[in-house]
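The chain contents come next:
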Amino acid sequence: MTDSQLSTPEEVTFTNYRMDVRYDGQQYYGWQRHKDKPTIQGALENAVTDCFGLRCNVEGSGRTDRGTHALGQVATIRLPRDIDDKETLISLNNALDKTIEIIHFQKVDDDFHARESARGKCYRYKIWNQLDLPPEMDGKVWYIPEKLDVRAMQKACPFFVGKIDYASFAKVPNYKRATTIRTVHALNLRQDDDVLNFSIIADGFLYKMVRNIVRALVKVGEGRTQIKDIPRIIKAKNRQAAPGTAPASGLYLNAVFYDKNSLDAAIQKIRDDKD
């Protein structure tokens, strides 16, 4: 959307802003705007309209699915240059439901784009692996009461690291993609009491790729897939060769990286984070 498309009563100079957002995705139909359903993008754009009387396009770093959460989603938007960053942050948060919070808001260079400027992303996935699920965790984890073989799952993780064709773990989307090859820089599984925490960093992710990888690793933990079968599933480059998809409830977009130093530091942290 260009500046001229924004409804404004007078001539105003617009500039580029970055917003870092976290949200509980349980009540939303994913990121992407939908005229009849509540979405994260729609909620942010409605908040801007409430605060400024403008209809502006909020561009996210990626489209999280229905029921998926975020701790560090990044979005860009063009707004009037003369607005105060801190006041705008407060105003937008007051206009949003408490399930969405803008944690940082600032002017950025015009060539910065939340999606196109990204060098990598980190997702987390949480599994509650205990008999009883606390009510406050409902909708925020994948609840698996049966005990999983965590050591076997950890041994299978390295097979997913590297520059690989992840066609076996990509749900067929409604848009064309140039390639199903992605580079996963690090994948780690850590057990913290009753919670299994997956952390994965890559240069990019295919549609439902993280959830599909997690499902494959859980099958290993259930003893229904052998560790030695993972390379065969990857090499098949066929979605039918792999297990199903883990629920959206356990998935979190944790961080988006825009410079090499922060990306490298995050990769190293995951590699060092062992039980």
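Residues numbered from 1 in each chain as written. Predicted model: local features only at pLDDT ≥ 70, side-chain atom pairs only at ≥ 80, totals over all residues. Heavy atoms only, no water.

K.L.:
Is there a simple way to explain empty space enclosed by the protein in this structure?
P.N.:
Applying the stated criterion to the full structure yields one cavity of 30 Å³ or more. Of the volumes computed, that of the largest cavity is approximately 40 Å³. Lining the largest cavity are Leu187, Phe198, Ile200, Val210, Ile213, Val214 and Leu217. Listed by contribution, the elements that provide at least two residues to the lining of the largest cavity are strand S9 (195-202) and helix H4 (209-222). (1 Å grid on protein atoms, 1.4 Å probe; cavity = no way out; pocket = protein on both sides within 12 Å on 5 of 7 lines; lining within 4 Å. Points joined across faces, edges and corners; volume = space filled by probe spheres on them. Helix = DSSP H or I, 4+ residues; strand = E, 2+ residues; numbered from the N terminus.)

K.L.:
What am I meant to see in the pattern of salt bridges here?
P.N.:
Using the criterion set out here, one finds 13 salt bridges in the structure. With its nearest N and O atoms 2.9 Å apart, the salt bridge here joins Arg22 to Glu101. Taken together, the residues Arg22 in strand S1 (residues 14-23) and Glu101 in strand S4 (residues 100-107) connect sequence positions 79 residues apart. Here Arg22 falls in the partly exposed class, since its relative accessible area comes to 37%. Salt bridges here are not isolated pairs; linked through shared partners, they connect Glu59, Arg115 and Glu116. (Salt bridge = Lys/Arg side-chain N within 4 Å of Asp/Glu carboxyl O. Buried < 20%, exposed > 50% of the residue type's maximum accessible area, 1.4 Å probe, protein only.)

K.L.:
Sorry, what's going on with the nonpolar core here?
P.N.:
Generally speaking, nonpolar side chains in soluble globular proteins are found buried as a group. By size, the foremost hydrophobic cluster in this structure holds 71 residues, and its most contacted members are Leu44 and Phe160. Broken down by element, this core gets its largest block of residues, eight residues, from H4. Contacts of Leu44, omitting those with residues within four sequence positions, involve Met19, Val21, Trp31, Val58, Leu96, Ile100 and Ile102. In this structure, Cys122, Ala186, Ile267 and Ile270 belong to the second largest nonpolar core, which totals nine residues. (Core = buried A, V, L, I, M, F, W, Y, C linked by side-chain atoms within 4.5 Å. Contact = heavy atoms within 4.5 Å.)

K.L.:
Explain the environment of Tyr143 here, please?
P.N.:
Looking at where Tyr143 falls in the secondary structure, it is placed in strand S6 (residues 142-143). Sequence-wise, Tyr143 and Lys86 are 57 residues apart; in three dimensions their C-alpha atoms are separated by 39 Å. Residue contacts for Tyr143: discarding those within four places in its chain leaves Trp128, Gln130, Leu131, Asp132 and Leu133. A distance of 2.3 Å separates a polar side-chain atom of Tyr143 from the backbone oxygen of Leu131. (Polar contact = N/O pair within 3.5 Å; in protein donor to acceptor, adjacent residues only side chain to side chain.)

K.L.:
Help me understand the layout of surface pockets, please; the structure alone is not making it clear to me.
P.N.:
Unoccupied space between atoms shows up once a probe the size of one water molecule is rolled over them. Empty space within the second largest pocket amounts to approximately 270 Å³. What lines the second largest pocket is a set of 17 residues, among which Arg124, Ser199, Lys269, Ile270 and Asp273 lie closest to the centre. Broken down by secondary-structure element, the contributors of at least two residues to the lining of the second largest pocket are strand S5 (120-128), strand S8 (181-192), S9, strand S10 (251-257) and helix H6 (260-272). At four residues, the largest contribution of residues to the lining of the second largest pocket is made by S9. Counted by class, the lining of the second largest pocket contains seven nonpolar, four polar and six charged residues. (Nonpolar A, V, L, I, M, F, W, Y, C, P; charged D, E, K, R; others polar.)

K.L.:
Before we go on, may I ask you to explain the state of the cysteines in this structure?
P.N.:
Each disulfide is one covalent bond, formed between the sulfur atoms of two cysteines. Applying the stated criterion across every chain yields a total of zero disulfides. For Cys122, which is in no disulfide, the shortest distance to another cysteine sulfur is to Cys157 and amounts to 13 Å. (Disulfide = S-S within 2.5 Å.)

K.L.:
Would you mind showing me how to read helix H5 (residues 229-236) here?
P.N.:
Note that an α-helix has 3.6 residues per turn; residues three or four places apart therefore point the same way. For H5, the set of buried residues is Ile230, Ile233 and Ile234. Looking down the long axis of H5, one finds its buried residues gathered within 100° of arc, a one-sided arrangement. Seen from the buried face of H5, the exposed residues on the opposite side, beyond 90 degrees, are Arg232 and Lys235. At its buried positions, H5 is contacted by helix H3 (150-156), strand S7 (162-165) and H4. (Arc of directions from axis to C-beta.)

K.L.:
Any chance you could explain H4 here in plain terms?
P.N.:
In this model H4 runs 20 Å from its N-terminal to its C-terminal C-alpha over 14 residues, within 8% of the 20 Å that 1.5 Å per residue would give. A positive backbone phi angle near 80° is found at Gly223, which sits one or two residues after H4. (Expected span 1.5 Å × (residues − 1).)

K.L.:
Sorry if this is basic, but what is going on with unusual backbone geometry here?
P.N.:
What is expected of a backbone is that most residues other than glycine have negative phi and most peptide bonds are trans. Phi at Asp193 takes a positive value of approximately 55°, unusual for a residue other than glycine. Topologically, Asp193 is positioned in the loop between S8 and S9. For Lys237, which is not glycine, the phi torsion reads 50° and is therefore positive. Following the sequence through the fold, Lys237 ends up in the loop between H5 and S10.

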